[in-house]
Amino acid sequence: MGRGRQKAKHTKVARELKYFSPATDYSALERELTASNHDHDDEVSKWAEYTDDDSYVPDDGTHRS
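Quick caveat: nothing in here was measured; it's all calculated off a predicted structure. (Residues numbered from 1 in each chain as written. Predicted model: local features only at pLDDT ≥ 70, side-chain atom pairs only at ≥ 80, totals over all residues. Heavy atoms only, no water.)

Engineer: What am I meant to see in the overall build of the protein chain here?
Structural biologist: Looking only at helices and strands, the protein chain has three helices and zero strands in total. For the protein chain, the sequential pattern of α-helices and β-strands runs α-α-α. Relative to its 65 residues, the protein chain shows a buried fraction of 0%. Of the roughly 6,800 Å² of accessible surface on the protein chain, 51% is carried by carbon and sulfur atoms. (Helix = DSSP H or I, 4+ residues; strand = E, 2+ residues; numbered from the N terminus. Buried < 20%, exposed > 50% of the residue type's maximum accessible area, 1.4 Å probe, protein only. Areas by Shrake-Rupley, 256 points an atom, 1.4 Å probe, with all protein chains shown as cover.)

Here it is in structure tokens:
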């Protein structure tokens, strides 16, 4: 496929994505956001060992002592 046809195809796809608006189920979104059965403390405690560690040194060499 030539560059002109390829660019036209990409432009068409980009335009379709830009103007695509799927149907939004606001009641399902509201249920998900207001659900009280999800316990955030479990999530926090699962990752707590990583939050209090001050000895982290990144591997990319940006840390200076």
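After that view, the rundown keeps rolling.
Engineer: Would you mind going over the confidence of the model for the protein chain with me for this structure?
Structural biologist: Atom-level detail of predicted coordinates should not be read off regions where pLDDT is low. Across the protein chain, the average pLDDT comes to 78, with 69% of residues at 70 or higher. Helix H1 (residues 3–19) holds the highest mean pLDDT among the elements of the protein chain, 93, whereas helix H3 (residues 40–51) holds the lowest, 72. (pLDDT = per-residue confidence, 0-100.)

Engineer: Sorry if this is basic, but what is going on with a nonpolar patch on the surface here?
Structural biologist: Side chains of Tyr-26, Leu-29 and Leu-33 sit close together on the surface and give an oily, nonpolar patch of about 360 Å² of accessible area. By the secondary structure assignment, Tyr-26 is in helix H2 (residues 26–34). Overall, Tyr-26 belongs to the exposed group, its relative accessible area being 60%. (Patch = residues over 30% accessible without salt bridge, like charges linked within 9 Å, V, L, I, M, F, W, Y side chains within 5 Å. Salt bridge = Lys/Arg side-chain N within 4 Å of Asp/Glu carboxyl O.)

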